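Results of the structural survey
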Amino acid sequence: MSPQASSIFIISLLLGTTITASSNHWIMAWMGLEINTLAILPLISKSHHPRAIEAATKYFLTQATASTLVLFSSMTNAWSTGQWDITQLTHPMSCLILTSAVAMKLGLVPFHFWFPEVLQGSPITTGLLLSTLMKLPPITLLYMTSPSLNPTLLTTLAILSTAIGGWMGLNQTQIRKILAFSSISHLGWMAIIIIYNPKLTLLNFCLYTMMTATVFLILNTIKVLKLSTLMTAWTKIPSLNAMLLLTLLSLAGLPPLTGFLPKWLIIQELTKQDMAPAATLISLLSLLSLFFYLRLAYCTAITLPPHTTNHMKQWRTNKPANITIAMLTTMSIMLLPISPMIRTII
(Lines give C-alpha, C1' and ligand atoms only; values in the text may rest on other atoms or scores of the structure.)
Protein backbone atom coordinates (compact mmCIF):
# COMPACT_ATOMS: atom_id res chain seq x y z
CA MET A 1 0.00 0.00 0.00
CA SER A 2 1.37 3.41 -0.95
CA PRO A 3 2.19 5.96 1.79
CA GLN A 4 -0.41 8.36 0.34
CA ALA A 5 -3.19 5.78 0.63
CA SER A 6 -2.10 4.82 4.16
CA SER A 7 -2.07 8.46 5.27
CA ILE A 8 -5.56 9.02 3.80
CA PHE A 9 -6.93 6.01 5.71
CA ILE A 10 -5.21 7.06 8.98
CA ILE A 11 -6.57 10.62 8.63
CA SER A 12 -10.04 9.19 7.96
CA LEU A 13 -9.76 7.08 11.11
CA LEU A 14 -8.84 10.12 13.18
CA LEU A 15 -11.65 12.11 11.54
CA GLY A 16 -14.27 9.43 12.24
CA THR A 17 -13.14 9.08 15.86
CA THR A 18 -13.22 12.87 16.35
CA ILE A 19 -16.69 13.19 14.79
CA THR A 20 -18.16 10.47 17.03
CA ALA A 21 -16.43 11.71 20.19
CA SER A 22 -17.47 15.34 19.69
CA SER A 23 -21.02 14.95 18.37
CA ASN A 24 -24.28 15.49 20.24
CA HIS A 25 -26.56 14.18 17.51
CA TRP A 26 -27.05 10.46 16.92
CA ILE A 27 -26.75 10.74 13.12
CA MET A 28 -23.36 12.46 13.39
CA ALA A 29 -22.13 9.81 15.83
CA TRP A 30 -23.32 7.08 13.48
CA MET A 31 -21.59 8.81 10.56
CA GLY A 32 -18.28 8.87 12.49
CA LEU A 33 -18.61 5.15 13.23
CA GLU A 34 -19.19 4.41 9.54
CA ILE A 35 -16.17 6.48 8.44
CA ASN A 36 -14.07 4.52 10.94
CA THR A 37 -15.30 1.17 9.65
CA LEU A 38 -14.71 2.04 5.99
CA ALA A 39 -11.23 3.47 6.70
CA ILE A 40 -9.92 0.44 8.63
CA LEU A 41 -11.09 -2.19 6.08
CA PRO A 42 -8.29 -1.54 3.51
CA LEU A 43 -5.73 -1.57 6.34
CA ILE A 44 -6.95 -5.01 7.47
CA SER A 45 -6.96 -6.54 3.99
CA LYS A 46 -3.85 -4.84 2.53
CA SER A 47 -1.77 -8.05 2.54
CA HIS A 48 -4.30 -9.77 0.14
CA HIS A 49 -3.86 -13.00 2.08
CA PRO A 50 -7.05 -15.13 2.28
CA ARG A 51 -6.97 -14.85 6.09
CA ALA A 52 -6.79 -11.04 5.83
CA ILE A 53 -9.72 -10.94 3.39
CA GLU A 54 -11.70 -13.20 5.73
CA ALA A 55 -10.86 -10.91 8.68
CA ALA A 56 -11.99 -7.82 6.73
CA THR A 57 -15.26 -9.53 5.75
CA LYS A 58 -15.99 -10.57 9.34
CA TYR A 59 -15.16 -7.09 10.59
CA PHE A 60 -17.37 -5.41 8.01
CA LEU A 61 -20.39 -7.64 8.70
CA THR A 62 -20.12 -7.26 12.47
CA GLN A 63 -19.61 -3.50 12.42
CA ALA A 64 -22.39 -2.99 9.88
CA THR A 65 -24.80 -4.93 12.10
CA ALA A 66 -23.73 -2.92 15.17
CA SER A 67 -24.10 0.40 13.29
CA THR A 68 -27.60 -0.64 12.19
CA LEU A 69 -28.50 -1.34 15.80
CA VAL A 70 -27.13 2.07 16.87
CA LEU A 71 -29.29 3.75 14.24
CA PHE A 72 -32.32 1.66 15.21
CA SER A 73 -31.81 2.49 18.90
CA SER A 74 -31.58 6.24 18.24
CA MET A 75 -34.64 6.19 15.96
CA THR A 76 -36.67 4.27 18.56
CA ASN A 77 -35.69 6.83 21.19
CA ALA A 78 -36.49 9.75 18.87
CA TRP A 79 -39.87 8.18 18.03
CA SER A 80 -40.75 7.93 21.74
CA THR A 81 -39.25 11.14 23.12
CA GLY A 82 -38.68 13.43 20.13
CA GLN A 83 -34.99 13.78 21.12
CA TRP A 84 -31.98 13.10 18.86
CA ASP A 85 -29.52 14.23 21.55
CA ILE A 86 -27.14 11.45 22.61
CA THR A 87 -27.36 12.35 26.30
CA GLN A 88 -31.20 12.21 26.22
CA LEU A 89 -31.42 8.43 25.72
CA THR A 90 -34.26 7.60 28.09
CA HIS A 91 -36.38 4.91 26.41
CA PRO A 92 -35.63 1.51 28.08
CA MET A 93 -35.75 -0.49 24.83
CA SER A 94 -33.41 2.00 23.14
CA CYS A 95 -30.94 1.68 26.05
CA LEU A 96 -31.01 -2.11 25.74
CA ILE A 97 -30.44 -2.05 21.96
CA LEU A 98 -27.65 0.53 22.29
CA THR A 99 -25.86 -1.55 24.94
CA SER A 100 -25.99 -4.57 22.62
CA ALA A 101 -24.72 -2.50 19.67
CA VAL A 102 -21.80 -0.99 21.60
CA ALA A 103 -20.93 -4.40 23.06
CA MET A 104 -20.82 -5.74 19.50
CA LYS A 105 -18.58 -2.89 18.35
CA LEU A 106 -16.22 -3.30 21.31
CA GLY A 107 -16.16 -7.10 21.31
CA LEU A 108 -17.73 -7.63 24.72
CA VAL A 109 -19.07 -11.09 25.55
CA PRO A 110 -21.36 -12.52 24.09
CA PHE A 111 -20.50 -10.54 20.91
CA HIS A 112 -16.76 -11.24 21.13
CA PHE A 113 -16.26 -14.03 18.57
CA TRP A 114 -15.24 -11.74 15.70
CA PHE A 115 -12.44 -9.90 17.51
CA PRO A 116 -9.74 -12.61 17.95
CA GLU A 117 -10.27 -13.81 14.36
CA VAL A 118 -10.04 -10.29 12.91
CA LEU A 119 -6.96 -9.46 14.98
CA GLN A 120 -5.29 -12.72 13.94
CA GLY A 121 -5.88 -11.96 10.24
CA SER A 122 -4.66 -8.34 10.42
CA PRO A 123 -1.11 -6.98 10.18
CA ILE A 124 0.32 -6.14 13.59
CA THR A 125 0.13 -2.34 13.10
CA THR A 126 -3.53 -2.63 12.07
CA GLY A 127 -4.05 -4.87 15.11
CA LEU A 128 -2.76 -2.02 17.25
CA LEU A 129 -5.35 0.34 15.73
CA LEU A 130 -8.14 -2.24 16.19
CA SER A 131 -7.23 -2.76 19.85
CA THR A 132 -6.86 0.91 20.78
CA LEU A 133 -8.13 3.69 18.49
CA MET A 134 -11.15 1.76 17.16
CA LYS A 135 -12.39 1.19 20.73
CA LEU A 136 -12.56 4.91 21.50
CA PRO A 137 -15.77 5.91 19.61
CA PRO A 138 -17.95 3.14 21.17
CA ILE A 139 -16.54 3.92 24.62
CA THR A 140 -17.38 7.63 24.18
CA LEU A 141 -20.97 6.64 23.29
CA LEU A 142 -21.14 4.54 26.47
CA TYR A 143 -19.64 7.46 28.42
CA MET A 144 -22.26 9.92 27.17
CA THR A 145 -25.21 7.57 27.72
CA SER A 146 -23.95 6.00 30.98
CA PRO A 147 -26.63 7.57 33.28
CA SER A 148 -29.39 5.84 31.26
CA LEU A 149 -27.88 2.37 30.93
CA ASN A 150 -28.94 -0.74 32.82
CA PRO A 151 -26.42 -1.47 35.63
CA THR A 152 -27.33 -5.17 35.94
CA LEU A 153 -26.88 -5.79 32.22
CA LEU A 154 -23.53 -4.00 32.05
CA THR A 155 -22.22 -5.74 35.17
CA THR A 156 -23.22 -9.13 33.72
CA LEU A 157 -21.52 -8.36 30.39
CA ALA A 158 -18.42 -7.12 32.22
CA ILE A 159 -18.03 -10.19 34.44
CA LEU A 160 -18.66 -12.54 31.50
CA SER A 161 -16.09 -10.65 29.39
CA THR A 162 -13.45 -10.90 32.11
CA ALA A 163 -14.19 -14.61 32.55
CA ILE A 164 -14.30 -15.57 28.85
CA GLY A 165 -11.36 -13.29 27.94
CA GLY A 166 -9.20 -14.98 30.58
CA TRP A 167 -10.49 -18.49 29.95
CA MET A 168 -10.16 -18.55 26.15
CA GLY A 169 -6.69 -16.98 26.21
CA LEU A 170 -5.21 -19.82 28.24
CA ASN A 171 -4.44 -22.28 25.45
CA GLN A 172 -3.52 -19.85 22.66
CA THR A 173 -0.13 -19.91 20.94
CA GLN A 174 -0.66 -16.96 18.57
CA ILE A 175 0.32 -13.71 20.30
CA ARG A 176 -2.26 -11.60 18.44
CA LYS A 177 -5.07 -13.88 19.66
CA ILE A 178 -3.72 -13.70 23.22
CA LEU A 179 -3.76 -9.89 23.00
CA ALA A 180 -7.32 -10.01 21.61
CA PHE A 181 -8.54 -12.00 24.63
CA SER A 182 -6.54 -9.65 26.85
CA SER A 183 -8.46 -6.77 25.29
CA ILE A 184 -11.81 -8.49 25.94
CA SER A 185 -10.81 -9.02 29.58
CA HIS A 186 -9.78 -5.37 30.01
CA LEU A 187 -13.02 -4.18 28.42
CA GLY A 188 -14.86 -6.06 31.16
CA TRP A 189 -13.11 -3.91 33.77
CA MET A 190 -14.06 -0.76 31.84
CA ALA A 191 -17.72 -1.78 31.39
CA ILE A 192 -18.35 -2.66 35.04
CA ILE A 193 -17.45 0.80 36.33
CA ILE A 194 -18.79 3.09 33.58
CA ILE A 195 -22.16 3.69 35.25
CA TYR A 196 -20.72 4.47 38.68
CA ASN A 197 -17.61 6.46 37.71
CA PRO A 198 -17.24 7.07 33.94
CA LYS A 199 -13.93 8.93 34.40
CA LEU A 200 -12.37 5.75 35.78
CA THR A 201 -13.34 3.99 32.55
CA LEU A 202 -11.53 6.67 30.53
CA LEU A 203 -8.47 6.42 32.80
CA ASN A 204 -8.47 2.63 32.41
CA PHE A 205 -8.82 2.98 28.63
CA CYS A 206 -5.93 5.46 28.40
CA LEU A 207 -3.60 3.27 30.47
CA TYR A 208 -4.68 0.13 28.60
CA THR A 209 -4.05 1.90 25.25
CA MET A 210 -0.59 2.95 26.39
CA MET A 211 0.42 -0.54 27.57
CA THR A 212 -1.08 -2.33 24.55
CA ALA A 213 0.60 0.11 22.15
CA THR A 214 3.94 -0.64 23.84
CA VAL A 215 3.46 -4.42 23.43
CA PHE A 216 2.38 -4.15 19.78
CA LEU A 217 5.23 -1.78 18.83
CA ILE A 218 7.83 -4.03 20.50
CA LEU A 219 6.39 -7.11 18.73
CA ASN A 220 6.44 -5.20 15.44
CA THR A 221 10.09 -4.23 15.99
CA ILE A 222 11.31 -7.74 16.80
CA LYS A 223 8.93 -9.29 14.22
CA VAL A 224 7.35 -11.88 16.51
CA LEU A 225 3.84 -13.34 16.09
CA LYS A 226 3.99 -16.74 17.88
CA LEU A 227 5.12 -17.97 21.27
CA SER A 228 7.65 -20.32 19.67
CA THR A 229 9.42 -17.46 17.89
CA LEU A 230 9.18 -15.22 20.97
CA MET A 231 11.42 -17.66 22.85
CA THR A 232 14.31 -17.14 20.44
CA ALA A 233 13.79 -13.41 19.84
CA TRP A 234 15.93 -12.37 22.84
CA THR A 235 19.05 -12.43 20.66
CA LYS A 236 17.74 -9.64 18.41
CA ILE A 237 17.38 -6.74 20.88
CA PRO A 238 17.75 -7.97 24.49
CA SER A 239 16.78 -4.58 25.96
CA LEU A 240 13.45 -4.66 24.11
CA ASN A 241 12.72 -8.10 25.54
CA ALA A 242 13.26 -6.74 29.04
CA MET A 243 10.85 -3.88 28.26
CA LEU A 244 8.29 -6.36 26.89
CA LEU A 245 8.56 -8.47 30.05
CA LEU A 246 7.82 -5.51 32.33
CA THR A 247 5.00 -4.20 30.11
CA LEU A 248 3.28 -7.62 30.07
CA LEU A 249 3.43 -7.77 33.87
CA SER A 250 1.97 -4.24 33.95
CA LEU A 251 -0.87 -5.33 31.62
CA ALA A 252 -1.52 -8.17 34.06
CA GLY A 253 -2.11 -5.55 36.76
CA LEU A 254 0.72 -6.50 39.12
CA PRO A 255 1.93 -3.89 41.63
CA PRO A 256 4.08 -1.76 41.65
CA LEU A 257 3.54 -1.28 37.90
CA THR A 258 1.15 1.12 36.15
CA GLY A 259 -1.46 -1.55 35.30
CA PHE A 260 -2.25 -2.01 38.99
CA LEU A 261 -3.59 1.55 39.25
CA PRO A 262 -6.90 1.21 37.30
CA LYS A 263 -7.72 -2.17 38.89
CA TRP A 264 -7.07 -0.76 42.37
CA LEU A 265 -9.27 2.31 41.77
CA ILE A 266 -12.07 0.24 40.16
CA ILE A 267 -12.16 -2.24 43.05
CA GLN A 268 -12.20 0.68 45.49
CA GLU A 269 -15.10 2.36 43.66
CA LEU A 270 -17.11 -0.88 43.39
CA THR A 271 -16.70 -1.41 47.14
CA LYS A 272 -17.98 2.13 47.77
CA GLN A 273 -21.04 1.33 45.62
CA ASP A 274 -21.87 -1.73 47.80
CA MET A 275 -20.78 -4.09 45.02
CA ALA A 276 -18.15 -6.01 46.98
CA PRO A 277 -19.29 -9.42 45.55
CA ALA A 278 -18.87 -8.13 41.97
CA ALA A 279 -15.47 -6.64 42.87
CA THR A 280 -14.35 -9.94 44.41
CA LEU A 281 -15.59 -11.95 41.42
CA ILE A 282 -13.96 -9.78 38.78
CA SER A 283 -10.70 -9.73 40.78
CA LEU A 284 -10.66 -13.53 40.96
CA LEU A 285 -11.47 -13.83 37.25
CA SER A 286 -8.55 -11.57 36.37
CA LEU A 287 -6.28 -14.34 37.72
CA LEU A 288 -7.13 -16.29 34.56
CA SER A 289 -5.65 -13.60 32.36
CA LEU A 290 -2.72 -13.26 34.79
CA PHE A 291 -1.79 -16.84 33.86
CA PHE A 292 -1.39 -16.17 30.15
CA TYR A 293 0.45 -12.89 30.80
CA LEU A 294 2.90 -14.83 32.98
CA ARG A 295 3.17 -17.42 30.21
CA LEU A 296 4.04 -14.68 27.72
CA ALA A 297 6.48 -13.15 30.21
CA TYR A 298 8.11 -16.55 30.73
CA CYS A 299 8.53 -17.03 26.98
CA THR A 300 9.99 -13.51 26.77
CA ALA A 301 12.48 -14.04 29.59
CA ILE A 302 13.61 -17.56 28.67
CA THR A 303 16.94 -17.56 26.86
CA LEU A 304 16.56 -20.85 24.94
CA PRO A 305 13.62 -23.00 23.89
CA PRO A 306 13.12 -25.92 26.32
CA HIS A 307 14.46 -28.67 24.03
CA THR A 308 17.90 -30.03 23.24
CA THR A 309 17.79 -30.05 19.43
CA ASN A 310 20.20 -27.76 17.63
CA HIS A 311 18.72 -24.55 16.33
CA MET A 312 19.93 -21.37 14.71
CA LYS A 313 20.02 -18.27 16.90
CA GLN A 314 18.70 -15.15 15.24
CA TRP A 315 21.09 -12.34 14.38
CA ARG A 316 21.21 -9.40 16.71
CA THR A 317 19.99 -6.24 15.01
CA ASN A 318 21.88 -2.99 15.42
CA LYS A 319 18.70 -0.97 14.99
CA PRO A 320 18.30 1.32 18.04
CA ALA A 321 15.08 1.13 20.01
CA ASN A 322 12.46 3.67 18.97
CA ILE A 323 12.10 6.70 21.25
CA THR A 324 8.31 6.18 21.16
CA ILE A 325 8.71 2.66 22.56
CA ALA A 326 11.07 3.95 25.25
CA MET A 327 8.62 6.66 26.39
CA LEU A 328 5.60 4.34 26.27
CA THR A 329 7.45 1.64 28.23
CA THR A 330 8.50 4.15 30.89
CA MET A 331 4.90 5.29 31.33
CA SER A 332 3.59 1.71 31.18
CA ILE A 333 5.64 0.62 34.19
CA MET A 334 6.30 3.72 36.32
CA LEU A 335 3.08 5.73 36.74
CA LEU A 336 1.89 4.11 39.98
CA PRO A 337 3.90 6.44 42.31
CA ILE A 338 2.14 9.50 40.87
CA SER A 339 -1.32 7.95 41.29
CA PRO A 340 -2.40 10.63 43.84
CA MET A 341 -1.84 13.29 41.16
CA ILE A 342 -3.74 11.22 38.58
CA ARG A 343 -6.55 10.76 41.13
CA THR A 344 -6.86 14.55 41.61
CA ILE A 345 -7.11 15.02 37.82
CA ILE A 346 -10.00 12.57 37.47
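All values derive from a computational prediction rather than experimental measurement.

Okay, the packing of helix H4 (residues 92-106) against helix H8 (residues 151-168) next. With their axes 11 Å apart at the nearest point, H4 and H8 run at an angle of 20° to one another. In terms of their interaxial angle, H4 and H8 are classed as roughly parallel. Here the hand of the crossing between H4 and H8 comes out right-handed. On H8, the residues touching Leu96, Thr99 and Ala103 of H4 are Leu153, Leu154 and Leu157. For the contact of H4 with H8, a count of residues per class yields five nonpolar, one polar and no charged.

This brings us to the nonpolar core. Counting 101 residues, the largest nonpolar core has Ile40, Tyr59, Leu130, Ile192 and Leu230 as its most contacted members. If you tally residues by element for this core, the top one is helix H10 (residues 198-222), at 13 residues. Among the domains, domain 1 (1-143) and domain 2 (150-307 + 318-345) are the pair contributing at least three residues each to this core. Setting aside anything within four residues of it in sequence, one finds Tyr59 in contact with Thr37, Ile40, Leu41, Ile44, Trp114, Val118, Leu130 and Met134.

To continue, consider the packing of helix H13 (residues 260-272) against helix H14 (residues 276-301). Remark: H13 packs on H14, axes separated minimally by 8 Å, with the N-to-C direction vectors making an angle of 155°. In terms of orientation, H13 and H14 fall into the roughly antiparallel class. Counting all contacts with H13, which are made through Lys263, Ile267 and Leu270, the residues of H14 involved are Ala276, Ala279, Ser283 and Ser286. Along the lines of polarity and charge, the residues of the contact of H13 with H14 split into four nonpolar, two polar and one charged.

Interface size is commonly expressed as the accessible surface area that is lost when the partners come together. The domain architecture assigned to the protein consists of domain 1 (1-143) and domain 2 (150-307 + 318-345). Taking the mean C-alpha position of each, domain 1 and domain 2 sit 23 Å from one another. Taken residue by residue, the interface counts 27 residues in domain 1 and 35 residues in domain 2. Between domain 1 and domain 2 the total buried area reaches about 2700 Å² when both faces are included, carbon and sulfur atoms providing 80% of it. The interface formed by domain 1 and domain 2 includes one salt bridge. Remark: the boundary between domain 1 and domain 2 carries five residue pairs in polar contact (both at pLDDT 80 or more). Elements that contribute at least two residues to the side of domain 1 that touches domain 2 include exactly H4, helix H5 (114-121), helix H6 (124-131) and helix H7 (136-145).

Calculation criteria
- Residues numbered from 1 in each chain as written.
- Predicted model: local features only at pLDDT ≥ 70, side-chain atom pairs only at ≥ 80, totals over all residues.
- Heavy atoms only, no water.
- Axes fitted to C-alpha atoms, helices over the stretch in contact; angles between N-to-C directions.
- Helix = DSSP H or I, 4+ residues; strand = E, 2+ residues; numbered from the N terminus.
- Parallel < 35°, antiparallel > 145°, perpendicular 65-115°, else oblique.
- Left-handed = near helix turned anticlockwise from the far one by under 90°.
- Contact = heavy atoms within 4.5 Å.
- Nonpolar A, V, L, I, M, F, W, Y, C, P; charged D, E, K, R; others polar.
- Core = buried A, V, L, I, M, F, W, Y, C linked by side-chain atoms within 4.5 Å.
- Buried < 20%, exposed > 50% of the residue type's maximum accessible area, 1.4 Å probe, protein only.
- Domains from an automatic or database assignment.
- Buried area = accessible area lost by both parts, 1.4 Å probe.
- Salt bridge = Lys/Arg side-chain N within 4 Å of Asp/Glu carboxyl O.
- Polar contact = N/O pair within 3.5 Å; in protein donor to acceptor, adjacent residues only side chain to side chain.

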